[in-house]
Amino acid sequence: MTVVIATQLRPDRLPYLQEMHASLARQTVPWEAVLVLDGADPDRLPPTIAADRRVRTLALPRPVGAACARNLGLSEVRTEFVNWADDDDVLPDWSLGVRLDAFTDRLGWVAGYSEDLLPDGTTRLWECPTPPGFHDAGDVVTYWPRPQDTIPIGPTTILARTRLMRAAGGMGGLVQGEDYMAAVGVTALAPGVLLPLPVYKYRKHDGQMTQGARYDELELAARRHAHAFGHALRNTFVAARAA
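Just so it is clear, the model here is predicted, and its values are computed rather than measured.

Asker: What's the story with the packing of helix H6 (residues 178–189) against helix H7 (residues 215–242) in this structure? I'm lost.
Answerer: Packed helix pairs are specified by the crossing angle of their axes together with the interaxial distance, meaning the distance between the axes. Packing of H6 against H7 leaves a shortest axis separation of 9 Å and a crossing angle of 10°. Taken together, the axes of H6 and H7 lie roughly parallel to each other. On H7, the residues that touch Tyr180, Met181, Val184, Gly185, Ala188 and Leu189 of H6 are Tyr215, Glu219, Arg223, His225, Ala226, Phe229, Gly230, Leu233 and Phe237. Taken together, the residues that form the contact of H6 with H7 break down as ten nonpolar, three polar and two charged.

Asker: How should I be thinking about the packing of aromatic side chains in this particular structure?
Answerer: One pair of aromatic rings is described through two measures. These are the centre distance and the angle between the planes. Scanning the model with the defined rule gives two aromatic pairs in all. Taking the centre distance of 4.6 Å and the plane angle of 50° together, the rings of phenylalanine 81 and phenylalanine 103 count as tilted. Pair noted here: phenylalanine 81 is in strand E4 (residues 81–86) and phenylalanine 103 is in the loop between helix H4 (95–102) and strand E5 (109–117), with a separation of 22 residues, a long-range link. Phenylalanine 103 carries the same exposure label as phenylalanine 81, and that label is buried. A centroid spacing of 6.1 Å and a plane angle of 70° characterise the contact between tryptophan 144 and tyrosine 180, whose relative ring orientation is edge-to-face. Separated by 36 residues along the polypeptide, tryptophan 144 in the loop between strand E7 (133–135) and strand E8 (159–161) and tyrosine 180 in helix H6 bring together distant segments of the chain.

Asker: Sorry, what's going on with the pairing of strand E6 (residues 123–126) here?
Answerer: The side chains of a regular strand alternate between both faces of the sheet. Note that E5 and E6 share four bridges and pair antiparallel. Its bridge partner lying in E6, serine 114 is registered against tryptophan 126. Hairpin connection from E5 to E6: five residues lie between these consecutive antiparallel strands, with glycine 121 at a positive phi of about 95°.

Asker: I'm lost on the pairing of E4 in this one. Help?
Answerer: Counted residue by residue, E4 has six buried out of six residues, so it is predominantly covered. Both faces of E4 are covered, namely the face carrying Phe81, Asn83 and Ala85 and the face carrying Val82, Trp84 and Asp86. As defined by bridge partners, E4 adjoins E8 across three bridges and the pair is classed as antiparallel. Within E8, the position partnered with phenylalanine 81 by the bridge is arginine 161.

Asker: For this particular structure, what's the right way to read the pattern of salt bridges?
Answerer: Pairing is possible between side chains that carry opposite charge, provided their charged atoms lie close to one another. Throughout the structure, instances matching the rule amount to 16 salt bridges. The partner of aspartate 149 in a salt bridge is arginine 146, and the shortest N-O contact between them spans 2.8 Å. Accessibility expressed as a relative area gives 18% for aspartate 149, which makes it buried. Residue classification places arginine 146 among the partly exposed positions, given a relative accessible area of 44%. Salt bridges sharing partners connect three or more residues here, namely Arg13, Asp87 and Asp88.

Asker: What am I meant to see in empty space enclosed by the protein here?
Answerer: Which parts of space are left empty comes out when a probe the size of a water molecule is rolled across the atoms. This model, assessed by the stated rule, comprises one cavity of 30 Å³ or more. The set of elements that each furnish at least two residues to the lining of the largest cavity consists of helix H1 (14–25) and strand E2 (32–37). When residues in the lining of the largest cavity are grouped by element, the largest group, three residues, is from H1. Along the lines of polarity and charge, the residues of the lining of the largest cavity split into seven nonpolar, one polar and no charged.

Asker: Would you mind showing me how to read the environment of aspartate 52 here?
Answerer: Along the polypeptide, aspartate 52 turns up in the loop between helix H2 (47–50) and strand E3 (55–59). Between the C-alpha atom of aspartate 52 and that of alanine 25, which follows or precedes it by 27 residues, the distance is 9.7 Å. Not counting chain neighbours up to four residues away, the residues in contact with aspartate 52 comprise His21 and Trp31. Of note is the side chain of aspartate 52, whose polar atom sits 2.9 Å from the backbone nitrogen of arginine 54.

Asker: Would you take a moment to explain the side chain of glutamate 219 for this structure?
Answerer: Mapped onto the elements, glutamate 219 comes out in helix H7. Residue classification places glutamate 219 among the buried residues on the basis of a relative accessible area of 7%. One polar contact links glutamate 219 to tyrosine 180, side chain to side chain, over a distance of 2.5 Å. Apart from the residues within four sequence positions on either side, glutamate 219 is in contact with Gln176 and Tyr180.

Asker: How do you make sense of H1 when you look at a structure like this?
Answerer: Since one α-helical turn is 3.6 residues long, residues separated by three or four positions face the same way. The end-to-end C-alpha distance of H1 is 17 Å, a good match for the 16 Å that twelve residues give at a rise of 1.5 Å each. Listed as buried for H1 are Leu14, Leu17, Met20, His21, Ser23 and Leu24.

Conventions we followed
Residues numbered from 1 in each chain as written. Predicted model: local features only at pLDDT ≥ 70, side-chain atom pairs only at ≥ 80, totals over all residues. Heavy atoms only, no water. Axes fitted to C-alpha atoms, helices over the stretch in contact; angles between N-to-C directions. Helix = DSSP H or I, 4+ residues; strand = E, 2+ residues; numbered from the N terminus. Parallel < 35°, antiparallel > 145°, perpendicular 65-115°, else oblique. Contact = heavy atoms within 4.5 Å. Nonpolar A, V, L, I, M, F, W, Y, C, P; charged D, E, K, R; others polar. Phe/Tyr/Trp six-rings, centres within 6.5 Å; stacked < 30°, edge-to-face > 60°. Buried < 20%, exposed > 50% of the residue type's maximum accessible area, 1.4 Å probe, protein only. Pairing = 2+ DSSP bridges. Salt bridge = Lys/Arg side-chain N within 4 Å of Asp/Glu carboxyl O. 1 Å grid on protein atoms, 1.4 Å probe; cavity = no way out; pocket = protein on both sides within 12 Å on 5 of 7 lines; lining within 4 Å. Points joined across faces, edges and corners; volume = space filled by probe spheres on them. Polar contact = N/O pair within 3.5 Å; in protein donor to acceptor, adjacent residues only side chain to side chain. Expected span 1.5 Å × (residues − 1).

This is the structure:
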């Protein structure tokens, strides 16, 4: 499986990137990583990461933003399964293995809960609105009734078949909320399972790139786009099955 991580190698986030890499090294199953440098100088890459042959680096000549960087990284994936991750977050030791073990031939994705990783090192469980268990294709978006409601599932908790992620269009092209597109797209195209245990730690800190000073200006617009995309996919497939 491959973990796709986009990064600008910002100095304040390099220690977090090293922690993410260390958490990958503790996984119980083999993995690869595609580290997409979003306009960043490859010489700033920490030596321990640069020396890890499991990490392949894609250096982009200029900054393109998270959605584009991640999609270009997806093009480099050569394994059956793929997972998105941010450069400042952490995977629990069992994260990849427990989800891989849950796969059957019928499933296109397996997800879990996430935990907020607070500045003092403690964690706070976030249970998404989608209930645990099996979900048929298109079911997940029904737990997102309005764009302003809590998103139905944690995008970075989803381990998916790579062909499915590509078919869903990856991360779309939004300047923020691009991961909402990935989540509703993948879960609309294939059945999956949500495990009732945390598989991702989302770091809360002042340098978060997803919630900058102007975050609120476009957040609702991004949510409306992703919400409409997910529900349109579901409605299309429901209509096709009824025909």
